[in-house]
Amino acid sequence: MVKKKKRSFMSKLFSRRILLLIQFIVSIIFLGCIYILKMLPMKYYLILVGIIVLLWLFMSFFIKYGIRKKKKENKYGMLIFSKLLSLVLSISLIIVSVMAFKGNSFLSNITGSLTQTRVISLYVKKESKYKKLSDIQKDLKKMKVGIASEKGTKNINTAIAEMEDAIGEEFKTKDYKDYSALGDAIDAGKIDVAVVDNSYSALLEANHEGMDDGLRSLYQVEIEEQVQSVTQKTDVTEKPFIVYLTGIDTYGTVSAISRADVNLAVCVSPKQKQILMISIPRDTQVNLHRNGKMDKLTHSAMYGIDETISTIEDFLELKVNYYAKTNFSGITNIIDALGGVTIDSPYSFKTLHGNYQIVKGKNEMDGNKALCFVRERHALPNGDFDRGRNQQRLLKAMISKAISPKIITNYSQILQAVEGCFETNMTSDEIKSLVYMQLDDMAKWETFNVQLSGDPEISYKTYSMKGKKCYTMVPSKKSLNSIIKVINKVENGERIKEKDIKGLQGA
């Protein structure tokens, strides 16, 4: 009797009416999710509604009437097939609905960013015997913890207080005043431990290039700060807009304040369907917006992304509408989630980081190899100029892979990889409107790549390094003026022609 009831229950559960009802409910949910996303043009949405309705009507007719006309010996098989087909359709619609929901949630999480994170680290040398915070507890009373007060001590003191609470002991600090002196003390072994604001870690390397790679963090304190809004929003589907795209030289939290290794001004003309991508070498001499002092572009990011944006606006005589930001972790995670990228290198060389051998021609790269590829400059004939071109090559390769059909199979992994490693102050509605526009007209876009050129110079006059030796690039006035003219054409809604970028490096 128990078995008979069980069969009866299962029979009712998978009855034709129940399966059709499930398919109907799932279809409504699916269409609701697609509508809420606001990325599918109405003409395509109505076609989709028609297809979903027809599928349901077909299954209703097939299950109710199509099977009755079959011979008795075929009825049972067709009945099972029809139920399975309805079930598969329902499951497929559920999967797509979940993917749509995830995509919407993802956009909400990476957009609208107006905060940045100041990371304070407790550092020791990598060869130090101290491997974790608790290791220094027994030696802390006889140990001097080095700090530098030149950029203020408020955040340093806040971080030290948290570190003391974590270890249960008070720190005995020694102030070396400026970061270059603190770097000297670390290198000479005068101190075992240093508390450093990672925003200014470049200053530790004033006399010791690559010191940052020789340190180990035992503990980190993250302090969230509000970003001063310096960008100017616009209608991204009607008017030209400019996005400052940057990649910072850190792992971990993407909102961290740090040097800007990648600096791209991406000028988009939605009416002309053109994109102008301008690469600015990190060592370019610029005048900081905050005080008019000369410094390297990469150093401007130590004072926050708003300072870099304002400095670039002054330098290129443009108005930035949005910014997008990633870091080392973001690049490696995204590329791995994409299943790697293929990059055509014009040179054969070995990378300093990772010791990867890059061949002339096509190279299959995972995330770490691609990161080391775009960080390299010393092994390239034209140094930082070639690095800028390689950064553009990687960006193109990532876009090419992202728009391929393979993105469907890696959809969830890609969302997980990007989330937390990429952020922008563009809203999700603005991104959706761009997707909507592209789906509506399916237009083909033209992309132009240009790069600011200049001459290398060893300078002792950069603001951040305070008289220390520093490699910089003096921008070519001719190159700069030519790029500004092309930017003006984009901002005025005019069409770019090949002659406009002729002779510009990277074009």
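### Focus on the overall build of the protein chain
At step 1: Secondary structure summary: the protein chain contains 17 helices and 19 strands in total.
At step 2: If you line up the protein chain on its principal axes, its C-alpha atoms span 95 × 65 × 45 Å.
At step 3: Burial statistics for the protein chain: of 507 residues in total, 50% are counted as buried.
At step 4: Counting only contacts in the protein chain whose residues sit at least 6 apart along the sequence, the fraction spanning at least 24 positions is 71%.
At step 5: As displayed, the protein chain has an accessible area near 25,600 Å², and 56% of this comes from carbon and sulfur atoms.
At step 6: A gap of 13 Å separates the mean positions of the 73 positive and 54 negative side-chain charges of the protein chain.

### Focus: helix H11 (residues 367-375)
At step 1: Burial runs high along H11: eight of the nine residues are buried.
At step 2: Buried within H11 are the following residues: Gly367, Lys369, Ala370, Leu371, Cys372, Phe373, Val374 and Arg375.

### A look at the environment of Val320
At step 1: Along the chain, the position of Val320 falls in the loop between helix H9 (305-316) and strand E11 (322-327).
At step 2: On the basis of relative accessible area, Val320 is assigned to the buried category, the value being 2%.
At step 3: The sequence separation of Val320 and Cys267 amounts to 53 residues, and the corresponding C-alpha distance is 9.0 Å.
At step 4: Beyond its immediate sequence surroundings of up to four residues, Val320 is in contact with Thr231, Gln232, Ile242, Tyr244, Ile309 and Glu313.

### Describing the sheet that holds strand E1 (residues 115-125)
At step 1: On the basis of which strands lie adjacent, the open sheet formed by five strands has the order E3-E2-E4-E1-E5 and mixed pairing. Two strands in the sheet have a free side with no partner beyond their single neighbour: strand E3 (173-175) and strand E5 (215-226). Pairs of neighbouring strands in the sheet enclose a mean axial angle of 25 degrees, with direction left out of account.
At step 2: Bridge count for E1 against E5 is 11 bridges, and the pairing is antiparallel. When the bridges of E5 are listed, Lys125 appears paired with Leu215.

### Digging into the sheet that holds strand E6 (residues 241-248)
At step 1: Judged by pairing direction, the sheet is mixed, and its six strands sit side by side in the order E16-E11-E6-E7-E8-E17 without closing on themselves. Of all the strands in the sheet, the pair left with one neighbour each is strand E16 (422-424) and strand E17 (446-451). Strand-to-strand twist of the sheet, defined as the mean angle between neighbouring strand axes without regard to direction, takes the value 20 degrees.
At step 2: Here strand E8 (residues 274-279) runs beside E17; their pairing, made up of six bridges, is parallel. The residue bridging Met277 from the neighbouring strand is Asn449, located in E17.
At step 3: The sheet contacts of helix H10 (residues 328-338) involve E6, strand E7 (260-269) and E11, and relative to E11 the element is tilted by about 80 degrees.

### Observations concerning the nonpolar core
At step 1: Counting 43 residues, the largest nonpolar core has Leu122, Ile136, Tyr179, Leu182 and Val195 as its most contacted members.
At step 2: The set of elements that each furnish at least two residues to this core consists of E1, strand E2 (145-147), helix H5 (154-167), helix H6 (179-188), strand E4 (193-197), helix H7 (201-204) and E5.
At step 3: Considering each element in turn, this core owes the most residues, five residues, to H5.
At step 4: In this structure Leu122 touches Leu133, Ile136, Val145, Met163, Phe171, Val193, Ala194, Val195, Arg216, Ser217, Leu218 and Tyr219, once residues within four positions along its chain are discounted.
At step 5: Membership of the second largest hydrophobic core comes to 38 residues, among which are Ile110, Val341, Ile343 and Val418.

### Observations concerning the confidence of the model for the protein chain
At step 1: Confidence along the protein chain averages 85 in pLDDT terms, with 91% of residues attaining 70 or more.
At step 2: Looking at the elements of the protein chain, mean pLDDT is at its lowest for helix H1 (residues 2-13), recorded as 48, and at its highest for strand E9 (residues 285-287), recorded as 97.
At step 3: Every residue in residues 1-10 is under pLDDT 50, and counting partners more than four places away or in other chains gives zero contacts.

The rules behind each value
- Residues numbered from 1 in each chain as written.
- Predicted model: local features only at pLDDT ≥ 70, side-chain atom pairs only at ≥ 80, totals over all residues.
- Heavy atoms only, no water.
- Helix = DSSP H or I, 4+ residues; strand = E, 2+ residues; numbered from the N terminus.
- Buried < 20%, exposed > 50% of the residue type's maximum accessible area, 1.4 Å probe, protein only.
- Contact = heavy atoms within 4.5 Å.
- Areas by Shrake-Rupley, 256 points an atom, 1.4 Å probe, with all protein chains shown as cover.
- Lys, Arg positive; Asp, Glu negative; His and termini not counted.
- Charge placed at Lys NZ, Arg CZ, Asp CG, Glu CD.
- Pairing = 2+ DSSP bridges.
- Axes fitted to C-alpha atoms, helices over the stretch in contact; angles between N-to-C directions.
- Core = buried A, V, L, I, M, F, W, Y, C linked by side-chain atoms within 4.5 Å.
- pLDDT = per-residue confidence, 0-100.

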